[in-house]
2 protein chains.
Amino acid sequence: MTEDSNPITYSRRFPTIEDVARLAGVSTATVSRSLNSPARVREATRQAVEAAVKELGYTPNFGGQALASNRTNTVGAIIPTMENAIFARAIQALQETLAARNVTLLVATSQYSPAREEDQIRTLLARGVDGVVLIGSERPASAYELLDARGVPFVILWSAPANTPHVTIGFDNASAAAGVALRVVEMGHRRIAVISGITRDNDRAQARVAGIVAVLENAGIPIHPAYLTECPYSLNDGEAAAIRLLTGTDRPTAIICGNDVLAAGALRGARILGIDVPGELSITGFDDIELATAVYPPLATVRVPHRRMGAAAGDCLMRWIVEGKRPESITLPTEFMDRESLGKLRNT
Amino acid sequence: MTEDSNPITYSRRFPTIEDVARLAGVSTATVSRSLNSPARVREATRQAVEAAVKELGYTPNFGGQALASNRTNTVGAIIPTMENAIFARAIQALQETLAARNVTLLVATSQYSPAREEDQIRTLLARGVDGVVLIGSERPASAYELLDARGVPFVILWSAPANTPHVTIGFDNASAAAGVALRVVEMGHRRIAVISGITRDNDRAQARVAGIVAVLENAGIPIHPAYLTECPYSLNDGEAAAIRLLTGTDRPTAIICGNDVLAAGALRGARILGIDVPGELSITGFDDIELATAVYPPLATVRVPHRRMGAAAGDCLMRWIVEGKRPESITLPTEFMDRESLGKLRNT
DNA sequence: GTGAAAGCGCTAACAG
DNA sequence: CTGTTAGCGCTTTCAC
């Protein structure tokens, strides 16, 4: 036990709980209790510890804490993308809810790829997250098995419980999209096309299309297969899809889009072709992100409870993690936002 | 040493490195080496370990690893907001670069508030991040002191080295904005207004305004104080600011905006007032996010090297963390994107 | 209400 | 190339 074996180099070691204990004249156990459950120590003791902490600039070592407590106070979320604002507000609300409980949010992206998502799940689990937030319910069983094997609580956002046994915090995509279709039909449109996001591996996109189709069928409106298109969620793809639809024979008078980005792209496509919206063509979106009112005409769309989903996800997850019992799924309402991009069918 | 002291409850304990070692018939050290520096073990050994790992479904415990190695393989980034896409591409590129090195990115937001940013820095440091990425160079000294006290490597994005001794990976906001102003002047405009983001605590916004003002002064164009406005980075605020400018006396013929969101807002404001862009009014943006071409007319703006900044940040930071020596700052080029929202001054 | 002490799972000298 | 052996810093029984 050589002391000061290296008197020259000043060791850049951060104060540990032991340093605090020594300075405060208590044991490390008391420091720990003082910090984690202050109610269990005498007030005077707590203050002494607090003073020592402050004087030393002590911060608990994350690794030590994680190792000993078997918790990281970290929750992971995997969203398809950060490139558009769709998930931003939900993530923001989630982060705020978690921060209030002193847990940190790790955000990863999957780029709408199931394989990447599974990788990200693996990474998060390796990081020892205490809980996980996912978007949508459709993914390979192997992904769910990873989560199950670790026994890590997880919740699914953006979907409703219909198709999955897991805990969902979302809304009914099918009926929300059906609501849009109904408005479009009510406006007198009969030649109605759909630009959906890629439906493969995406239960939300599938449900939205299903909701729309059901309404059209119910209204006795024939659905020309060429009217049912899908493409990646990007401005350019939306534009291209719209141009394809609008230059075909029997041009639609309304295009229902799977989200606002596609709708904004479709709007651009219509402009390129010199087609007036809503005079000659109605376009609707979905999500009600800022973009919906940045374009002209502003997009009729569906307001999705972004912030409430994020906040509820944080609450549910933390309750699950702390109390150990699985929460109930939550289905939130959506709201149709009637705006200028949707208009009455012009008498032609 | 009581074995099987609890034969009833099946302990849900995850396999540890010791389990792997036992099954593979080697020591824990060899397992560790096998996993972390495979080159240092015999191939046969490595395979045996790999087999054992697979059979047991072993994943290293994060806390243990962090504690023993004093590294978390985690880097934190604090961006002002996720609500618009400004930082999304940079973050995406950063994440990819880090992932390639097996490090995880922790993203936090400050909502453009220095106090929140400082909190987030504290949180990240408590998380034991190995490095930090910040946006912009202007913040209270106390924030830098936090970082310095921990000796954690950090890089600053979006700024140039002019105003800060720290490592920056960005571009010259002043000259990029000056480039825009120059084009506007070249188009014949003399009544030129500015809608900047809030300049307080924001060196990028300050630099952009400074760049613009310098060009105008140099061109002998008087700058009416009422023409120099600033507001938060939002569509609504941009719209309101534009309406204020456009309903005042001596209406400007061009508005240079601090970013694309403000410009899109200004465009909306002009539309509300029935002012044609670019016929009666030119508007420019900054950033070249997707929004710039989603609106009509598409925004003349400045393309910022989002992805390259993100990737370079990851590279520099990892080199700094691993090799221990501070990298040089990097200044990347920007590009003016000439689009329809900027037009020649109409002969009135 | 507090202290002593036993690990949590891993890495990194150090020997061999 | 591999094994032995200390800890890393913290939480948590278990006594007192």
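These numbers were taken from a predicted model, which means no experiment stands behind them.

### Observations concerning the protein's contact with DNA strand D
Now for step 1: Around DNA strand D sit 25 residues in total, of which Ile17 and Tyr58 of chain A together with Thr30, Arg42 and Thr45 of chain B are the nearest.
Now for step 2: The sugar-phosphate share of atoms of DNA strand D within 4 Å of the protein amounts to 62%.
Now for step 3: Between a phosphate oxygen of DNA strand D and a side-chain N or O atom of Gln65 of chain A, the distance comes to 3.3 Å.
Now for step 4: Arg33 of chain B is positioned such that a nitrogen or oxygen atom in its side chain is 2.8 Å from a base nitrogen of DNA strand D.
Now for step 5: Here the surface near DNA strand D takes 5 residues from helix H4 (residues 62-69) of chain A, the largest share from any one element.
Now for step 6: Residues that form the surface near DNA strand D fall into these classes: 11 nonpolar, 11 polar and 3 charged.

### Remarks on unusual backbone geometry
Now for step 1: The linkage connecting Val277 of chain B with the following residue, Pro278 of chain B, adopts the cis geometry, with an omega of 5°.
Now for step 2: Inspection of the secondary structure puts Pro278 of chain B in the loop between helix H11 (260-272) and strand S9 (282-284).
Now for step 3: Note the cis peptide between Tyr296 of chain B and Pro297 of chain B, where omega equals -5°.
Now for step 4: Of note, the phi angle at Asn70 of chain A is positive, near 60°, even though the residue is not glycine.
Now for step 5: Residue placement: Asn70 of chain A occurs in the loop between H4 and strand S1 (74-79).
Now for step 6: Here Gln111 of chain B, not a glycine, exhibits a phi torsion of approximately 55°, which is positive.

### Section: the relation of the copies chain A and chain B
Now for step 1: Rotating chain A by 180° and translating it 0.1 Å along the rotation axis places it on chain B, where the RMSD comes to 0.1 Å. Overall, the copies show the geometry of a two-fold rotation axis.
Now for step 2: When the interface residues of chain A are mapped onto chain B, 100% of them again fall at the interface, so both copies present the same face.

### Overview of the side chain of Asn173 of chain B
Now for step 1: The topology assignment puts Asn173 of chain B in helix H8 (residues 173-186).
Now for step 2: Setting aside residues no more than four positions away along its own chain, Asn173 of chain B makes contact with Trp158, Ser159, Arg204, Ala207, Arg208 and Phe286 of chain B.

### Description of the packing of helix H6 (residues 114-126) of chain A against helix H7 (residues 141-150) of chain A
Residue and element names in this part refer to chain A.
Now for step 1: Where H6 meets H7, the closest approach of the two axes is 9 Å, and the angle between their N-to-C directions is 10°. Relative to H7, H6 is oriented roughly parallel. Between H6, through Glu118, Ile121, Arg122 and Leu125, and H7, the contact on the second element is made entirely by Ser142, Ala143, Leu146, Leu147 and Arg150.
Now for step 2: Looking at the contact of H6 with H7, its residues break down into 5 nonpolar, 1 polar and 3 charged.

### Side note on the protein's contact with DNA strand C
Now for step 1: Thr30 and Thr45 of chain A together with Ile17, Ser32 and Tyr58 of chain B are the nearest of the 26 residues found near DNA strand C.
Now for step 2: Considering the 4 Å shell around the protein, atoms of DNA strand C inside it are sugar or phosphate in 64% of instances.
Now for step 3: For DNA strand C, a phosphate oxygen lies 2.9 Å from a polar atom in the backbone of Ser27 of chain A.
Now for step 4: The separation between a phosphate oxygen of DNA strand C and a polar main-chain atom of Ile17 of chain B is 2.3 Å.
Now for step 5: Of all elements in the fold, only helix H2 (28-36) and H4 of chain A together with helix H2 (28-36) and helix H4 (62-69) of chain B reach the threshold of two or more residues within the surface near DNA strand C.
Now for step 6: Among the elements that make up the surface near DNA strand C, the one with the highest residue count is H4 of chain B (5 residues).
Now for step 7: By residue class, the composition of the surface near DNA strand C is 11 nonpolar, 12 polar and 3 charged.

### Overview of helix H5 (residues 88-99) of chain A
Now for step 1: The terminal C-alpha atoms of H5 of chain A lie 16 Å apart, and with 12 residues this matches the ideal 16 Å at 1.5 Å per residue to within 8%.
Now for step 2: Most of H5 of chain A sits inside the fold, with 9 of its 12 residues counted as buried.
Now for step 3: Within the sequence span of H5 of chain A, burial applies to Ala88, Ala90, Ile91, Gln92, Ala93, Leu94, Gln95, Thr97 and Leu98 of chain A.
Now for step 4: Considering only its buried residues, H5 of chain A is in contact with S1, strand S2 (104-109), strand S3 (131-135) and helix H13 (306-323) of chain A together with strand S2 (104-109) and helix H6 (114-126) of chain B.

### Some remarks on empty space enclosed by the protein
Now for step 1: Under the definition given, this model contains 8 cavities of 30 Å³ or more.
Now for step 2: Counted as a void, the largest cavity has a volume near 230 Å³.
Now for step 3: Contributing to the lining of the largest cavity are 18 residues, with Ala85 and Leu291 of chain A together with Ala85, Ile289 and Leu291 of chain B lying nearest its centre.
Now for step 4: Grouping the amino acids of the lining of the largest cavity by side-chain chemistry returns 12 nonpolar, 2 polar and 4 charged.
Now for step 5: Lining of the second largest cavity is provided by Phe62, Thr74, Thr104, Leu106 and Arg127 of chain A together with Phe62, Thr74, Thr104, Leu106 and Arg127 of chain B.
Now for step 6: Contributions of two or more residues to the lining of the second largest cavity are made by S2 of chain A together with S2 of chain B.

### So, the interface of chain A and chain B
Now for step 1: Facing 50 residues of chain A, the contacting portion of chain B comprises 51 residues.
Now for step 2: Buried area between chain A and chain B, both sides added, is near 4,200 Å², and the carbon and sulfur share of it is 53%.
Now for step 3: Looking only at chain A, the three residues that lose the most surface to chain B are Met82, Arg127 and Arg150 of chain A, adding up to 17% of its buried area.
Now for step 4: Summed over the shared surface of chain A and chain B, the number is 0 salt bridges.
Now for step 5: Our enumeration of links across chain A and chain B arrives at 21 residue pairs in polar contact (both at pLDDT 80 or more).
Now for step 6: The class makeup of the residues in the side of chain A that touches chain B is 21 nonpolar, 18 polar and 11 charged.

The rules we used
- Residues numbered from 1 in each chain as written.
- Chains lettered and ligands numbered in written order.
- Predicted model: local features only at pLDDT ≥ 70, side-chain atom pairs only at ≥ 80, totals over all residues.
- Heavy atoms only, no water.
- Near = heavy atom within 4 Å.
- Polar contact = N/O pair within 3.5 Å; in protein donor to acceptor, adjacent residues only side chain to side chain.
- Helix = DSSP H or I, 4+ residues; strand = E, 2+ residues; numbered from the N terminus.
- Nonpolar A, V, L, I, M, F, W, Y, C, P; charged D, E, K, R; others polar.
- Least-squares fit on C-alpha atoms with pLDDT ≥ 70 in both.
- Contact = heavy atoms within 4.5 Å.
- Axes fitted to C-alpha atoms, helices over the stretch in contact; angles between N-to-C directions.
- Parallel < 35°, antiparallel > 145°, perpendicular 65-115°, else oblique.
- Expected span 1.5 Å × (residues − 1).
- Buried < 20%, exposed > 50% of the residue type's maximum accessible area, 1.4 Å probe, protein only.
- 1 Å grid on protein atoms, 1.4 Å probe; cavity = no way out; pocket = protein on both sides within 12 Å on 5 of 7 lines; lining within 4 Å.
- Points joined across faces, edges and corners; volume = space filled by probe spheres on them.
- Buried area = accessible area lost by both parts, 1.4 Å probe.
- Salt bridge = Lys/Arg side-chain N within 4 Å of Asp/Glu carboxyl O.

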